[in-house]
Amino acid sequence: MLQEIVIAGFGGQGVLSMGKILAYSGIMEDKEVSWFPAYGPEQRGGTANVTVIISDDLISSPVVNQYDVAIVLNQPSLDKFEGRVKPGGILIYDGYGVHKSTSRKDIHVYRVDAMEESMRMENTKVFNMIVLGGLLKLSPVVQLENVMKGLKQSLPERHHKLLPMNEKAIKRGMDIIKLERKAD
């Protein structure tokens, strides 16, 4: 098993955190992982993306030219990464941040309305966990129990009381992700 994933959006959307949680979760399952962040000078509002590779075998390089999965949380990220999804791959986008979907016919396109759902849950901080849930439904590269362990590893202890809410958000993301178009 080898999954090469890019997660991209604005700083402050939890892009890097989502990648870190996936990486920790892979470690919990004794997989080989790579977490390779890239971001602009602004922590909030600037662009951010992270490449996560999870594999059963050694990873030769963290640099990836084409991805199995691209998660894009805003229009600039879609514009930048849609062409880098492998044919037959998966593109997941948030309907709040992306206004013009991809026209590619050779990839599977899914929509997860994570921002809208996080507002319904009255906590926009779980936005990225809803997106992560959508990913895990489509591509269960790691098990939920290990995601929770990874989340516990990445959160400071003072925030561990938020773990049940994050688990609820992940499960909600699994429920609300929708297929928009299958690959031809």
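Described below are features of the structure shown in this document.

Procedures and definitions
Residues numbered from 1 in each chain as written. Predicted model: local features only at pLDDT ≥ 70, side-chain atom pairs only at ≥ 80, totals over all residues. Heavy atoms only, no water. Helix = DSSP H or I, 4+ residues; strand = E, 2+ residues; numbered from the N terminus. Expected span 1.5 Å × (residues − 1). Buried < 20%, exposed > 50% of the residue type's maximum accessible area, 1.4 Å probe, protein only. Salt bridge = Lys/Arg side-chain N within 4 Å of Asp/Glu carboxyl O. Pairing = 2+ DSSP bridges. Axes fitted to C-alpha atoms, helices over the stretch in contact; angles between N-to-C directions. Core = buried A, V, L, I, M, F, W, Y, C linked by side-chain atoms within 4.5 Å. Contact = heavy atoms within 4.5 Å.

1. Some thoughts on helix α4 (residues 127–138)
Taking 1.5 Å as the rise per residue, α4 with 12 residues should run 16 Å; its terminal C-alpha atoms sit 18 Å apart, in good agreement. With 10 of 12 residues buried, α4 lies mostly within the body of the structure. The set of residues buried in α4 consists of F127, N128, M129, I130, V131, L132, G133, G134, L135 and L136.

2. A word on the pattern of salt bridges
The final tally for this structure, using the stated rule, is 12 salt bridges. With a shortest N-O distance of 3.4 Å, R120 and E116 are connected by a salt bridge. Pair noted here: R120 and E116 are both in helix α3 (residues 114–120), with a separation of four residues, about one helical turn. Under the relative-accessibility criterion, R120 is labelled exposed at 54%. Members of the salt-bridge network, linked through shared partners, are E116, E117, R120, R172 and D175.

3. Considering the sheet that holds strand β6 (residues 108–111)
If you walk across this open sheet you meet the seven strands as β2-β3-β1-β4-β5-β6-β7, and the pairing is mixed. Two strands lie at the open edges of the sheet, namely β2 (32–39) and β7 (178–181), each paired on one side alone. Across the sheet, the mean angle separating the axes of adjacent strands is 20° when strand polarity is ignored. Sheet topology note: the strand β1 (residues 2–10)/strand β4 (residues 67–72) ladder contains four bridges and is parallel.

4. Observations concerning the nonpolar core
Grouped together as the largest cluster of nonpolar side chains are 36 residues, with contacts concentrated most on L22, I92 and L132. Per-element accounting of this core gives the leading share, seven residues, to α4. Residues in contact with L22, not counting those within four places in the same chain, are I5, I7, V52, I54, L132, L135, L136, V141 and V142. Counting residues in each nonpolar core, the second largest holds 15 residues, with I53, V72, F81 and L91 among its members.

Just geometry here; none of it tells us what the structure is for.
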